[in-house]
Amino acid sequence: MGVDDVPLDDKAKRMRDLLSSFYSPDHAMSSSNSSKFASLDAINTISFDADQYMNLLVRKSNLEGLLQKHVEMAAEIKNLDTDLQMLVYENYNKFISATETIKRMKNNIVGMEANMEQLLQKIMSVQSRSDGVNTSLFEKREHIEKLHRTRNLLRKLQFIYDLPARLGKCIKSDAYADAVRFYTGAMPIFKAYGDSSFQDCRRASEEAMTTIIKNLQGKLFSDTESIQARAEAAMLLKQLDFPVDSLKAKLFEKLEQSLQDIHLNTEDIINVLEDSNDTSIPTTANDASVHEFVNAVQAYQVIFPDSEKQLVKLSQDLITKHFEITEKSIKEQISVAKFLGILRVIWRDVLLMNEVLNESFLPDYSLEAAQQVVKQFVSITFSHLVRDISDALIVSIRTKQKEGGEENALQVALETSKNAVLKGSMDVLVDLHHLLDDNLGLLQKLRDSIVDWVQEGFQEFFRALYNRFLLLSGRNKSVGQTQGLTEGLVVDKVLAGLVLVLVQLSAFIEQTAIPKITEEIATSFSGSGVRGYESGPAFVPGEICRIFRSAGEEFLHHYITMRTQRVSLLLKKRFKAPNWVKHKEPREVHMFVDLFLQELEAVGSEVKQLLPQGVLRKHRRSESNGSTTSSRSNPLRDDKMSRTNINTQRARSQLLETHLAKLFKQKVEIFTKTEFTQESVVTTIVKLCLKSLLEFVRLKTFNRSGFQQIQLDIQFLRAPVRETVEDEAVIDFLLDEVTVGASERCLDPTPLEPPILDKLIQAKLAKKREQNAIAP
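I will try to describe carefully the structure that is included in this document. (Residues numbered from 1 in each chain as written. Predicted model: local features only at pLDDT ≥ 70, side-chain atom pairs only at ≥ 80, totals over all residues. Heavy atoms only, no water.)

1. What to know about the overall build of the protein chain
The condition that has to hold: Numbering of helices and strands starts at the N terminus; helices are DSSP runs of H or I of at least 4 residues and strands are runs of E of at least 2. The cut-offs for exposure are 20% and 50% of the maximum accessible area for each residue type, with area from a 1.4 Å probe on protein chains only; residues under the lower value are buried, those over the upper are exposed, and the others partly exposed. Residue contacts are defined here by distance: any two heavy atoms, one from each residue, within 4.5 Å place the two residues in contact. Each accessible area is a Shrake-Rupley estimate made with a 1.4 Å probe; only the visible protein chains count as cover when residues are assessed.
If you tally the helices and strands in the protein chain, you get 26 helices and zero strands. Of all 776 residues assigned to the protein chain, the portion counted as buried reaches 41%. Restricting to contacts in the protein chain with at least 6 residues of sequence separation, those with at least 24 account for 79%. Summing over all exposed atoms, the protein chain offers an accessible surface of approximately 44,300 Å²; the carbon and sulfur share of this is 53%.

2. Overview of the environment of Leu 237
Here Leu 237 is to be found in helix H8 (residues 227–239). As for Leu 237 and Gln 217, which are separated by 20 residues in sequence, their C-alpha atoms are 8.1 Å apart.

3. Some thoughts on a nonpolar patch on the surface
Test applied: In this scheme, patches are assembled from residues that exceed 30% relative accessible area and form no salt bridge. Like charges are connected within 9 Å, while nonpolar side chains (Val, Leu, Ile, Met, Phe, Trp, Tyr) are connected within 5 Å. Here, a salt bridge means any Lys or Arg side-chain nitrogen found within 4 Å of an Asp or Glu carboxyl oxygen.
Nonpolar side chains collect at one region of the surface, where Met 105, Ile 109, Met 112, Met 116, Leu 119 and Ile 123 lie side by side and expose about 610 Å² of accessible area between them. Only helix H4 (63–109) and helix H5 (112–173) provide two or more residues apiece to the nonpolar patch. For the nonpolar patch, the element with the highest residue contribution is H5, accounting for four residues. Tracing the chain through its elements places Leu 119 in helix H5.

4. Examining the pattern of salt bridges
Counting across every chain of the model gives 19 salt bridges. Notably, a salt bridge pairs Asp 388 with Arg 387, separated by 3.7 Å at the nearest N-O pair. A residue is classified by how much of its surface remains accessible, and Asp 388, at 35% relative accessible area, is partly exposed. On the basis of relative accessibility, which here comes to 33%, the residue Arg 387 falls in the partly exposed class. Arg 566 is the partner of Glu 599 in a salt bridge, and the nearest nitrogen-oxygen pair spans 2.8 Å. Of this pair, Glu 599 sits in helix H20 (residues 591–610) while Arg 566 sits in helix H19 (residues 541–576), placing them 33 residues apart in sequence. Exposure remark for Arg 566: the relative accessible area of 38% places this residue in the partly exposed category. Salt bridges sharing common partners tie together Arg 718, Arg 722, Glu 728, Asp 732 and Asp 736.

5. A few points about the packing of helix H11 (residues 308–331) against helix H12 (residues 336–356)
To be explicit about the condition: To obtain each axis, a line is fitted to C-alpha atoms, and for helices this fit is confined to the stretch in contact; angles are then taken between N-to-C directions over 0 to 180 degrees. Each angle gets one of four labels, with under 35 degrees taken as roughly parallel, over 145 as roughly antiparallel, 65 to 115 as roughly perpendicular, and the rest as oblique. Ten residue types, Ala, Val, Leu, Ile, Met, Phe, Trp, Tyr, Cys and Pro, are classed as nonpolar, four, Asp, Glu, Lys and Arg, as charged, and the remainder, Gly among them, as polar.
One can describe the packing of H11 onto H12 by two numbers: an axis separation of 11 Å at closest approach and a directional angle of 180 degrees. On the basis of their axis angle, the class for H11 and H12 is roughly antiparallel. Mapping the contact onto sequence places Ser 315, Leu 318, Ile 319, His 322, Phe 323, Thr 326, Ser 329 and Ile 330 in H11 and Phe 339, Ile 342, Leu 343, Ile 346, Asp 349, Val 350 and Met 353 in H12. Its residues assigned to classes, the contact of H11 with H12 shows ten nonpolar, four polar and one charged.

6. Overview of the packing of H19 against helix H23 (residues 678–698)
For any two helices packed against each other, the geometry is given by the interaxial angle and the distance between the axes. For clarity, the threshold we go by: Here a crossing is called left-handed whenever its near helix is offset anticlockwise from the far helix by less than a right angle, and right-handed whenever the offset is clockwise.
In contact at an axis separation of 9 Å, H19 and H23 are set at 30 degrees when each is read in the N-to-C sense. With respect to the hand of their crossing, H19 and H23 are arranged in right-handed fashion. Contacts between H19 and H23 pair Leu 556, Tyr 559, Ile 560, Arg 563, Thr 564, Val 567, Ser 568, Leu 571, Lys 572 and Phe 575 from the former with Val 681, Thr 684, Ile 685, Leu 688, Cys 689, Ser 692, Leu 693, Phe 696 and Val 697 from the latter. Across the contact of H19 with H23, the residue classes tally to 13 nonpolar, four polar and two charged.

7. Focus: H4
Condition: One less than the residue count of a helix, multiplied by 1.5 Å, gives the span that helix is expected to have.
Taking 1.5 Å of rise per residue, 47 residues should cover 69 Å, and H4 covers 69 Å from first to last C-alpha, within 8% of that figure. Three or more residues of H4 are buried, namely Ile 77, Leu 84 and Leu 87.

8. Focus on the nonpolar core
The tendency in soluble globular proteins is for nonpolar side chains to be buried side by side. Here is the rule we go by: Take the buried residues of types Ala, Val, Leu, Ile, Met, Phe, Trp, Tyr and Cys, join any two whose side-chain atoms come within 4.5 Å, and each joined set is a nonpolar core. Where each domain starts and ends comes from a domain assignment, either automatic or drawn from a database.
With 145 residues, the main nonpolar core has Leu 435, Phe 458, Phe 462, Ile 509 and Tyr 559 as its most contacted residues. Counting residues domain by domain, this core receives three or more from each of domain 1 (301–475 + 489–544) and domain 2 (578–611 + 665–775). Sequence-distant contacts of Ile 509, defined by excluding residues within four places in its chain, comprise Val 421, Phe 462, Leu 465, Phe 469, Ile 514, Pro 515 and Phe 548. Listed in part, the 23 residues of the second largest apolar core include Leu 167, Ala 179, Ile 212 and Leu 237.

9. Considerations on the environment of Gln 609
Rules: The definition of a polar contact used here is a pair of N or O atoms within 3.5 Å, where within protein one atom must be able to donate a hydrogen and the other to accept one, and adjacent residues in sequence count solely through side-chain atom pairs.
With respect to the helices and strands, Gln 609 occurs in helix H20. On the basis of relative accessible area, Gln 609 is assigned to the buried category, the value being 13%. With 109 residues separating them along the chain, Gln 609 and Leu 500 place their C-alpha atoms 9.8 Å apart. Only 3.1 Å separates the side chain of Gln 609 from the backbone nitrogen of Leu 410, close enough to count as a polar contact. A distance of 3.2 Å separates a polar side-chain atom of Gln 609 from the backbone nitrogen of Gln 411.

10. What to know about the packing of aromatic side chains
Which entries qualify depends on this criterion: Note on aromatic pairs: the rings of Phe, Tyr and Trp (six-membered ring only in Trp) are paired at centre separations within 6.5 Å, and the planes decide the class, stacked below 30 degrees, edge-to-face beyond 60, tilted for the rest. Note on geometry: a ring has a charge over it if NZ (lysine) or CZ (arginine) is within 6 Å of the ring centre and within 35 degrees of the ring normal.
Following the criterion strictly, the structure yields 14 aromatic pairs and no others. With a centroid separation of 6.0 Å and an interplanar angle of 90 degrees, the aromatic rings of Phe 458 and Phe 461 are classed as edge-to-face. Residue Phe 458 and its partner Phe 461 are located together in helix H16 (residues 447–473), separated by three residues, close to a single helical turn. Each member of the pair Phe 458 and Phe 461 is classed as buried. An aromatic cluster is defined as three or more aromatic residues linked by ring pairs; in this entry it consists of Phe 382, Phe 458, Phe 461, Phe 462, Tyr 466, Phe 469, Phe 539, Phe 548 and Phe 555. Here the guanidinium or amino end of Arg 166 rests over the ring plane of Phe 182, the centre of that ring lying 5.6 Å away.

Okay, here's the thing in structure tokens:
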């Protein structure tokens, strides 16, 4: 029966089975295993049973479902037929191509067998000719090889016989490395034939090597040899199996001694390359010595592999020595540029040694030492600034004195010291800022610490400056120290003037210097640093301002006290010398008045140079105003002072009336707060001096002439003193108190008559005019 007679379902089933078996063998096997489980999906398996499938389909589907299934299956059969057709066409084309390829291969292989036979014949011919050549040259080649071995042996024998001479030449030329190389090369022959054939050569060579070993030992312990040469000698001795380990202690002792010759010469360090990481080229003599030391360390590492700890210790000692020399240089006040140059040299040495001693941690070790050195440099920089300000203050006054320019010496000293404080502080900030700008790795790690040190340095600088001001003013210090600072000057005058300069300088620091310095610190040295939050800020401008505000007031009162004490000494001498009970009749104003006015003139000259003028507040005396009139300046007192013929009892009666009148007078306010003005300072000094005069008067007993002398002196002082003060009423009150105090202590308080009093005063004024005209 033909293919066309087969039913369509059977044909499709057979085609599907063939395709399934060809392309999906695994699927076919799995289908056979599950044939017993019939289902509607088993139509694509090999074990498909049509009867079961139809029975199952009829049971599960209705007529409409069967019709729909029929349509679907007819469409699938048509698609499968199309796919089969395409597959047959493709396989046919491949079959045709394979057939053509086989035909071409058959044609190509036809002549290959003949070529292979020809090639085999040629190879056999070459092999036979090669065998013939080898057979003919065999005897000659064996003879040549024998001659070559003989020649090499003769050369070795000649080297052995020439070895003593070679070693002798090496000894003369100090070529010990070559000698050791020659001898170690001959050692195998000496061990094999040294007791027989080469006995003499061996003996001569050993004698030469004994000399070489002695020379190497001498070089090893020679102080004139370099470290590298001694290390090379140790290496050669080790190659000769000499017990070098027994010399280890002596070798390291020599290496330690060599460190003493390495000095960091800070005087030669002027310009050092900023690229401190470049350690290839030495820039100083120190660098050359360190390179030599590093070479020796490398050699020691080879000779003594277990010497790492000792070499690290020596390297750390060298770094410590460098920093100790740096500390000494810092105390000599070196510049920032030179200090940076020294640090670069040290850092170059650290990096150079760290290359050969990787486990030494030299950078960390040097960082700890550098921390102390940099901190010390910052601290000493501020110490030198304090000293410079102090020197500028004193030297300017001494220079003006030598030049005869005392009239403005204090003003020049003030301006000089102001410039020293402000410009010096700004210069210090600029110099120390180079430590932050420098690209040296050592300083980059300390950047935050440097910020703290500079701020702390300024805080301590102003405190130290305040203490130096106390020293210059003579407060809280011994007399010897104060005199030592002012050697060669008039001590009292200079100290008083210096104290007044310190008054204005303290005000300048508080009002001008601190704000500018604070602004510059905030700009150049900003950052939190490494200080903890609980420690607070390193630089506290408010605290410094309070210190110098208080210092200004303290120095002003000290200046007033110094000037007052000088006048008090003058008054003490005045009242201590004469016997006031036996005093002679006054004939002229006493000399102490001139000295007192000279002191006031000196005070006026000093305050005019430094202090500003105050608001004009002249309080003139008014007889009708009880608040500005002395309690003893009343008609009863005037009557007592004007009468010439009065007995003592009546004078005492009037004195009692004066005391009674004092109870009804308004009290005059004598001492008020001293302001930073010319008039206020002079007035305060005059008040204190007159109070001292009153106390001295109350401690003495006067006769009539003594009382009249006091009256004359006080009356002469009245006019010039009133011209220098701002509160005339108080001065008049104090002058009256002195006169009345003298009358109270007088046995016969009879005053001078006005005409006589006026005559004596005019005579004194005329004498002063003559002296002023004669004086240049």
